[in-house]
Amino acid sequence: MRVVVTGGAGFLGSHLCDRLLARGDEVVCIDNFATGARSNIAHLSEHRGFRLVEQDVSNHVDVDGAVDAVLHFASPASPVDYLEMPIQTLKVGSLGTHNSLGLAKAKQAAFLLASTSEVYGDPLVHPQAESYWGNVNPVGPRGVYDEAKRFAEAITMAYFQYHDLDTRIVRIFNTYGPRMRPNDGRVVSNFIVAALSGEPVTVYGDGSQTRSFCYVDDQVRGILALLKSDEHAPVNIGSPEEFTVSELAQIVVEVTGSSSPLQYRPLPVDDPRRRRPDTNRAREILGWEPVVTLREGVKRTAEYFQSEIVGRS
Ligand code: UDP
């Protein structure tokens, strides 16, 4: 297959490029490096099957030759990033998705949208099944991401229904692992980098809010299983194991052997109280289940940050 990955230099996008190349596909990576990093794809620059196109997919998407699949992963994805880049976030979720769909349609390629658990907002139903419509504040600070992704899902379904495009929608829950940026702002990277540097581990609120953390290898395997399937309705991919943020802090401190203290900070506005995917559909349709435990994943991610970041300073 020849696969276009928008956001291919990002955290998830670059892992997808790796997996696709490893199985023998050709990859066209499109990125404007708004939040992606050249270092994430530096090891691919000499690969025969890899091509980088530097482009903002909110403006246009331009790829020569045949394309079998377009995977749309371009977007800021950390709350810190989309608060700093609200307009770009809205544009890449809306115009960027439209352009990427247009490319898929022109090439008669399959299309996979990277959607998000944020479409459920601060959920009133727990765990979150794909049938739940969500509880999103459109004018709150997270609305720029949540509503852009909700629009992205709607336009993807419209292309499926009206243009017969071969589409998929994956709702990605909190995912972590190597190649997150040390200053990404998300909780796993923040905690590990703080623990390794001996800085305070910053728990927002009282730490009783929950998330379910999926290791990147499991996530990528789920995404590729969905691409291979013929399922057009949204599918949650994420860990069904739920932890409080305080429990995560404890695990990170233990696994890294850190003596960092915990420091409590105010809870961000509209921070979801609880989040855990109902993964029944992923299990039944894709035969997918995550296998990497949180402790093991934190260990692997800490090794990455240790060698890449702390080791260099
Ligand atoms: N969080 C935290 N300390 C940090 C960063 C995040 O306690 O240094 C909390 C945040 O308030 C949220 C959870 O961790 O409750 C997950 O935040 P993240 O930004 O990783 O992703 P979200 O799931 O909120 O999109």
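Bear in mind that the values here come from a model prediction, so they are computed numbers and not experimental data.

Peer 1: Which parts of the structure should I look at to understand the state of the cysteines?
Peer 2: In a disulfide, the sulfur atoms of two cysteines are covalently bonded to one another. In this structure the tally under the stated criterion is 0 disulfides. You can see C17 has no disulfide; the closest cysteine sulfur is in C29, sitting 4.7 Å from it. For C29, a relative accessible area of 0% gives the class buried.

Peer 1: Looking at this structure, I do not really get the side chain of D31. What am I missing?
Peer 2: Within the secondary structure, D31 is located in strand 2 (residues 26–31). One polar contact links the side chain of D31 to the main-chain amide nitrogen of F33, over a distance of 2.7 Å. Ignoring any residue separated from it by four or fewer positions in sequence, one finds D31 in contact with G7, G8, A9, G10, G36, V53, E54 and Q55.

Peer 1: When you look at the site of the ligand in this model, what are you seeing that I'm missing?
Peer 2: Taken together, 18 residues sit near the ligand, with V187, T202, Y204, R211 and D271 positioned nearest. Measuring from an oxygen atom of the ligand, one finds a side-chain N or O atom of R211 at 2.6 Å. Protein contact buries 96% of the 520 Å² of open area that the ligand shows by itself. Sorting the residues of the shell around the ligand by element identifies helix 6 (187–197) and strand 8 (201–204) as the ones contributing at least two each.

Peer 1: I'm lost on the environment of P123 in this one. Help?
Peer 2: Within the secondary structure, P123 sits in the loop between strand 5 (110–116) and helix 5 (143–163). As for P123 and R275, which are separated by 152 residues in sequence, their C-alpha atoms are 7.3 Å apart. With sequence-adjacent residues up to four places away left out, P123 is seen in contact with Q128, Y132, P272 and R274.

Peer 1: It is not clear to me how the pattern of salt bridges should be interpreted in this structure. Could you clarify?
Peer 2: Between side chains of opposite charge, pairing is possible as soon as their charged atoms come close. On inspection of all chains with the given rule, the structure shows 23 salt bridges. For D25, the salt bridge identified is with R23, shortest N-O distance 2.8 Å. On the basis of relative accessibility, which here comes to 8%, the residue D25 falls in the buried class. When the shortest N-O distance is used, the salt bridge between E242 and R274 registers 3.4 Å. Within this pair, whereas E242 is found in the loop between strand 11 (235–237) and strand 12 (243–244), its partner R274 is found in the loop between strand 13 (262–265) and helix 9 (280–286), the two being separated by 32 residues in sequence.

What counts, and where the lines are drawn
- Residues numbered from 1 in each chain as written.
- Predicted model: local features only at pLDDT ≥ 70, side-chain atom pairs only at ≥ 80, totals over all residues.
- Heavy atoms only, no water.
- Disulfide = S-S within 2.5 Å.
- Buried < 20%, exposed > 50% of the residue type's maximum accessible area, 1.4 Å probe, protein only.
- Helix = DSSP H or I, 4+ residues; strand = E, 2+ residues; numbered from the N terminus.
- Polar contact = N/O pair within 3.5 Å; in protein donor to acceptor, adjacent residues only side chain to side chain.
- Contact = heavy atoms within 4.5 Å.
- Near = heavy atom within 4 Å.
- Areas by Shrake-Rupley, 256 points an atom, 1.4 Å probe, with all protein chains shown as cover.
- Salt bridge = Lys/Arg side-chain N within 4 Å of Asp/Glu carboxyl O.

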